[in-house]
Amino acid sequence: MNAPSWKSVMVTRHLPEALSGLETLSKNLWWCWNDSAKALFKTVDPEIWHTSGHNPRAVLDTVSIKRFNQLAGDGSFLAALGKVMDEFNAYMSEKANRTEPSVGYFCMEYGLDTSLQIYSGGLGILAGDYLKETSDMNVNLVAVGLLYRFGYFTQVLTAQGDQVAKYNPQDFLKIPVEPVLDAEGKWKTVSVEFPGRTLTARIWKVAVGRTDLYLLDTDFEANIAEDREITYHLYGGNWENRLKQEVLLGIGGIRALRTLGLNPTIYHCNEGHAALIGLERLREYIQNDKLTFPEALEVVRASSLFTTHTPVPAGHDAFEDGLLGRYLGQYPDSLGITWEEMMGLGKVNATDTSENFSMSVLAANISVNVNGVSMLHGKVSKGIFARMYPGYLPEELHISYVTNGVHYPTWAAKEWKQLHARVFGPEFQTHHYDKSCFEGVYNLTDEEIWDVRKTLKSNLVNTINERLSDPKIGTHLSPAQTVRISKNLRKDVLTIGFARRFATYKRATLLFSDLDRLAAIVNNPVRPVQFVFAGKAHPADKAGQDLIRHIVEISKMDRFIGRIVFVPGYDITLAKRLVQGVDVWLNNPTRPLEASGTSGEKAAMNGVMHFSVLDGWWVEGYKEGAGWALPQKRVYDEQNYQDELDSASIYATIENEIAPAYYDVDPKTGRSARWIQIIRNNIAQIACNFTTNRMLTDYCNQYYVPQGVRTAEIVAKDYAKAKSVAAWKKHVLDAWNDIKVVSYTQPESSYSLSPEGGLKAEVALELGTLKPEEIGVEMLFTSVDRKGRLRIQDVFEFALESCKDGVAKYSTTVLPERTGMYQVATRLYPKHPDMPHRQDFPIVKWL
């Protein structure tokens, strides 16, 4: 008998015409934050929907033709499909009504849905939420990123609790991305010059509701093997590969927008990875519009915004000169400047060859505005960037903040959304509302709130048991241990969650400082507590991985099994279950190393109280009676002592405040009215302030709209203002060192303070070619804090009194508000009505 002759045949789906809407919906991530669309795909096949990880593309590829034909003849399903399509089409039709200013948004990662693995953690989740909100609020924004073949890793635990990074290639045919084709059906690409070769990247599109996200991918035959690997892994490889990724995102990203015919007004660099967008935009203005480098810099700065997310200097990417020279060596010629001048854009000291080129310094130098991501992080960022502006104290820097928020439709459980829709008012559904609408939660009954919380905790416990039984994501538990956990993990016990990236500063193991006391808490016969942990450590972070193993080891001890649980395979799907299902969200970073943190904000949307160090967003969010906080003031400089104090505070708060409130149950109703009131306060007073709706409104009001106005002024009449401001700055720089101090009257070493005893300070300057009104003079009174840092107490601005024979006289009356010892100095600075702020032209002369 002869052998069979096998032939490979690819069978692709072709839905019945009546179901074509499913194909349309599957190609737009709008479905992932709209419960009606998710319910529709679940109806197609509940089991496949579950096993696919809620991926519509996978569902449509897996369901049988027979089932599709059944659905095509099912009147109730077709009615449901029609209703969802009407909702989707009405939503998308509003895209035509978007207004200026248009914004280009660049980020290295986006966490939109589990089905699209192009994110690693907080930065990506924040960016994904932001895109969804721009869609809901119909803000005119287009986003750019990279499409990774393997994305970030999938977490698997060994029997010993060691984390293993598993990289699964993404099948681009089964994820929500579409090739961008030209009129002839050819793939649109962009090219970037590399040493001795040209890198080519394909352009893909992800539809995020009304907002388009374009992704670049190098993994195809046009590139050599090592260049194909550029978009293999998010944050993967060595520093050279990281630079290649940032060149592709920044330079290639701008070229992608131009290939697509897009030229946004404002460019938002979300973290320093995308800073090279500035160099490419400078090149465009210089080569295409024939501007000089200083003129082009005025245009680029006016239209650029840099958001930093990093609270420590070491977290900012910086590259050696030699490495940059290999990949950007040709750039100075195209900008009309020297290599040293270009290096100066990314260094504090341009002539220091030992100083690495910082992408964050570059982003700050080419952006008129820089912001942190919480009030506290804004202050920390001033300290990080202070070396760029030696003429000013950190507190004076023009670095502000927009506190991060979360996308309510993504993270709020559908059970909560149904209740909120009833009591928040009709405006809430329009995404243009007053945050006071969250006070509608006070109109919900105790029974409604308690029942939702019970349902969500039950869902969480079911998910945990399912995940712990899955050998694909962990072998750290024996079958017997899995059974014990399923028995011990209860749906009626106070549950505290901790899930995030496992970095040492987040102090994941602080809870385990006193195991005997912890055992007494979790095994309390009247008020037991259970803890659920999840999260990943970076594959190169051995210390972070050790934290995970330590927690796993403790969770398997007899006295803790089923009371402390580590759930592997952390992703968006698990994160949703956790922030919706636990009762309290625990966060205890080393202050002030949490730039913002958004997991607790997601929990708040679901009536889950936050218990945290007063760091990041919680500094602004904490309200007594709506959550719990560790003291803001640091008691010990020695970190080990501070950890010991904080862990004792955590135990005491759980024992004396949290558990008593949760278990204060009325035997008649089976509910804790005290706990329910805290839930109401949490949603009404905290959650309302930390949505991406508020966040995007802040970005529009503080940055996008004002910068859109300034950019229009800068470029009007053939860049007239850009040219005049650049010429003025050059004139001032040329004449600055020629300023001579003729006379200077300053305070005596000691004098009495009284309304009649003010000191008149005077300065006479020989200005050369400068005009008197182009110079500002001010005297600073500062004090020294306990850490030896100068803090401004008063600033006295000098007024121009006269100008005669080339000598300008300025004076002020000095009268400090308080008595005490001051450090006093006077400085000169340039003034111009078209300067947006001092750091736009930060030269200073101290007298």
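The coordinates are above.
Cut-offs applied
- Residues numbered from 1 in each chain as written.
- Predicted model: local features only at pLDDT ≥ 70, side-chain atom pairs only at ≥ 80, totals over all residues.
- Heavy atoms only, no water.
- Helix = DSSP H or I, 4+ residues; strand = E, 2+ residues; numbered from the N terminus.
- Rg over C-alpha atoms; globule rule 2.2 N^0.38 Å.
- Buried < 20%, exposed > 50% of the residue type's maximum accessible area, 1.4 Å probe, protein only.
- Areas by Shrake-Rupley, 256 points an atom, 1.4 Å probe, with all protein chains shown as cover.
- Lys, Arg positive; Asp, Glu negative; His and termini not counted.
- Charge placed at Lys NZ, Arg CZ, Asp CG, Glu CD.
- Arc of directions from axis to C-beta.
- Contact = heavy atoms within 4.5 Å.
- Pairing = 2+ DSSP bridges.
- Expected span 1.5 Å × (residues − 1).
- Phe/Tyr/Trp six-rings, centres within 6.5 Å; stacked < 30°, edge-to-face > 60°.
- Lys NZ or Arg CZ within 6 Å of the ring centre and 35° of its normal.
- Salt bridge = Lys/Arg side-chain N within 4 Å of Asp/Glu carboxyl O.
- Polar contact = N/O pair within 3.5 Å; in protein donor to acceptor, adjacent residues only side chain to side chain.
- Disulfide = S-S within 2.5 Å.
- Axes fitted to C-alpha atoms, helices over the stretch in contact; angles between N-to-C directions.
- Parallel < 35°, antiparallel > 145°, perpendicular 65-115°, else oblique.
- Left-handed = near helix turned anticlockwise from the far one by under 90°.
- Nonpolar A, V, L, I, M, F, W, Y, C, P; charged D, E, K, R; others polar.
- Core = buried A, V, L, I, M, F, W, Y, C linked by side-chain atoms within 4.5 Å.

Enquirer: Honestly, the overall build of the chain in this entry has me stumped. Any pointers?
Expert: Each helix and strand counted, the chain has 28 helices and 28 strands in total. A globule of 847 residues ought to have a C-alpha radius of gyration of about 29 Å, and the chain, at 30 Å, matches this closely. With respect to the principal axes defined by its C-alpha atoms, the chain has extents near 105 × 70 × 50 Å. Classification of the 847 residues of the chain by burial places 57% in the buried group. On the chain, roughly 35,100 Å² of surface is accessible, and the fraction owed to carbon and sulfur atoms is 51%. Looking at charge distribution, the chain has the averaged site of its 92 positive side-chain charges lying 4 Å from that of its 100 negative ones.

Enquirer: Can you walk me through helix α2 (residues 35–44) in this structure?
Expert: Turn by turn, an α-helix covers 3.6 residues, leaving residues three or four places apart pointing in a common direction. Three or more residues of α2 are buried, namely A37, K38, L40, F41 and V44. An end-on view of α2 places all buried positions within 155° of arc, on one side of the element. Considering only its buried residues, α2 is in contact with α1 (20–26), α3 (46–51), α4 (56–62), α5 (65–72) and α6 (75–93).

Enquirer: Teacher, can you tell me more about the pairing of strand β8 (residues 211–217) here?
Expert: Remark: a regular strand shows side chains that alternate across the two faces of the sheet. For β8, the tally of buried residues reaches seven of seven residues, placing the bulk of the element in the interior. By the alternation rule, side chains of β8 split into T211, L213, L215 and D217 and D212, Y214 and L216, which are all buried. As paired strands, strand β2 (residues 141–146) and β8 are joined by five bridges and run parallel to one another. The partner of L146 across the bridge, within β8, is L216. By the bridge criterion, seven bridges tie strand β7 (residues 197–208) to β8 in an arrangement that is antiparallel. Paired with V208 across the bridge in β8 is T211. Connecting the antiparallel pair β7 and β8 is a turn made up of two residues, with G209 showing a positive phi of about 65°.

Enquirer: Which parts of the structure should I look at to understand helix α10 (residues 277–288)?
Expert: Under the 1.5 Å per step criterion, the end-to-end length of α10 is 16 Å for 12 residues, consistent within 8% with the ideal 16 Å. For α10, the buried fraction is high: 10 of the 12 residues fall into the buried class. Along α10, the residues classified as buried are I277, G278, L279, E280, R281, L282, R283, E284, Y285 and I286. The positive-phi residue at the C-terminal boundary of α10 is K290, with phi of around 60°.

Enquirer: Even after reading the chapter, I still don't get the packing of aromatic side chains, so can you show me in this structure?
Expert: The description of an aromatic ring pair rests on the distance of the ring centres and on the angle between the ring planes. Taken as a whole and assessed by the stated rule, the structure comprises 40 aromatic pairs. In textbook terms, an aromatic cluster arises when at least three aromatic residues are bridged by ring pairs, as seen for Y105, Y110, Y130, Y699, Y703 and Y704. The ring of Y91 has R210 sitting right over it, with the charged end atom 3.8 Å from the ring centre.

Enquirer: Honestly, the pattern of salt bridges in this entry has me stumped. Any pointers?
Expert: For side chains bearing opposite charge, pairing can occur when the charged atoms are close. In total, this model carries 52 salt bridges according to the counting rule given. The closest approach of N and O atoms between R197 and D227, which form a salt bridge, is 2.6 Å. Separated by 30 residues along the polypeptide, R197 in strand β7 and D227 in helix α8 (residues 225–228) bring together distant segments of the chain. A network of salt bridges, in which partner residues are shared, links D162, K542, D546, R549 and E553.

Enquirer: Any chance you could explain the sheet that holds strand β27 (residues 823–830) here in plain terms?
Expert: Taken together, four strands build an open sheet; the order of strands is β24-β23-β27-β28 and the sheet is antiparallel. Only two strands of the sheet have a single neighbouring strand rather than two, namely β24 (790–797) and β28 (845–846). Relative to β24, strand β23 (residues 775–784) runs antiparallel, the two being bridged by seven bridges. Bridging across to β24, V784 finds its partner in L790.

Enquirer: Explain the side chain of E284 here, please?
Expert: Tracing the backbone shows E284 in helix α10. Among the polar contacts made by the side chain of E284, one reaches the side chain of R258 at a distance of 2.8 Å. With residues near it in sequence (within four places) discarded, E284 still touches I254, R258 and D289.

Enquirer: Mind showing me how you'd approach the state of the cysteines here?
Expert: The term disulfide refers to a covalent linkage connecting the sulfur atoms of a pair of cysteines. Applying the stated criterion across every chain yields a total of zero disulfides. Free of any disulfide, C700 has its nearest neighbouring cysteine sulfur in C107, separated by 17 Å. C700 sits in the buried class, given a relative accessible area of 15%.

Enquirer: What's the story with the sheet that holds strand β18 (residues 584–587) in this structure? I'm lost.
Expert: Taken in spatial order, the six strands line up as β17-β16-β15-β18-β19-β20 in an open sheet, and their pairing is parallel. At either margin of the open sheet sits one strand with a lone partner, and together these are β17 (564–566) and β20 (628–630). Going across the sheet, the axis of each strand differs from the next one's by a mean of 20°, ignoring polarity. Both β18 and strand β19 (residues 609–613) contribute to a ladder of four bridges, which runs parallel. Its bridge partner being in β19, V584 is matched across the sheet by M609. Where helix α27 (residues 673–686) meets the sheet, it contacts β15 (494–499), β18, β19 and β20, and its direction lies at approximately 75° from that of β19.

Enquirer: Hey, could you run me through the environment of V763 in this one?
Expert: Residue placement: V763 occurs in strand β22 (residues 759–766). Overall, V763 belongs to the buried group, its relative accessible area being 1%. Sequence separation between V763 and G607 is 156 residues; the distance between their C-alpha atoms is 61 Å. Excluding residues that lie within four positions of it along the chain, V763 makes contacts with S743, Y744, V777, F798, A808, K809, Y810 and L847.

Enquirer: Is there a simple way to think about the packing of helix α11 (residues 293–302) against helix α28 (residues 692–736) in this case?
Expert: Working note: a packed helix pair is described by the angle between its axes plus the distance between those axes. Relative to each other, α11 and α28 sit at 150°, their axes nearing to 8 Å. One element, α11, and the other, α28, form an angle in the roughly antiparallel class. Once α11 is placed against α28, the crossing between them reads as right-handed. Of the residues in α28, those touching α11 at P294, E295, E298, V299, R301 and A302 are Q707, R710, T711, I714, V715, Y719, A722, K723, V725, A726 and K729. Broken down by class, the residue content of the contact of α11 with α28 amounts to nine nonpolar, two polar and six charged.

Enquirer: I tried to follow the nonpolar core on my own but got confused; where do I start?
Expert: In a soluble, globular protein the nonpolar side chains are often hidden away together inside. With 138 residues, the main nonpolar core has L22, Y105, Y110, L213, L279 and Y704 as its most contacted residues. With nine residues, α28 is the largest single contributor of residues to this core. In this structure Y105 touches Y110, A127, Y130, L131, L141, V142, A143, V144, H268, N270 and Y704, once residues within four positions along its chain are discounted. Residues V452, L518, I521 and I650 belong to the second largest nonpolar core, which totals 93 residues.

Enquirer: How should the environment of H731 be read in this particular structure?
Expert: Inspection of the secondary structure puts H731 in helix α28. Each C-alpha atom, one on H731 and one on E100, is 35 Å from the other, the two residues being 631 residues apart in sequence. The residues touching H731, leaving out its near neighbours within four places in the chain, are T769, L770 and E774. A distance of 3.3 Å separates the side chain of H731 from the backbone oxygen of T769, its partner in a polar contact.

Enquirer: What's the story with the environment of H268 in this structure? I'm lost.
Expert: The residue H268 is located in strand β9 (residues 266–270) in this model. The spatial distance from the C-alpha of H268 to the C-alpha of G104 is 6.0 Å, given a sequence separation of 164 residues.

Enquirer: Mind showing me how you'd approach the pairing of β22 here?
Expert: Note: strand β21 (residues 740–745) against β22, five bridges, orientation antiparallel. If you follow T745 over to β22, its bridge partner there is E762. As defined by bridge partners, β22 adjoins strand β26 (residues 807–814) across eight bridges and the pair is classed as antiparallel. Within the sheet, the bridge partner assigned to K760 lies in β26 and is T813.

Enquirer: Would you mind going over the packing of helix α26 (residues 639–662) against α27 with me for this structure?
Expert: At a minimum axis distance of 6 Å, the contact between α26 and α27 shows a crossing angle of 105°. Taken together, the axes of α26 and α27 are roughly perpendicular relative to one another. In this structure, α26 contributes E657, I658, P660, A661 and Y662 to the contact, and α27 contributes R674, W675 and I678. Here the contact of α26 with α27 is composed, by residue class, of six nonpolar, no polar and two charged.

Keep in mind that these numbers describe shape and distance, not what the molecule does.
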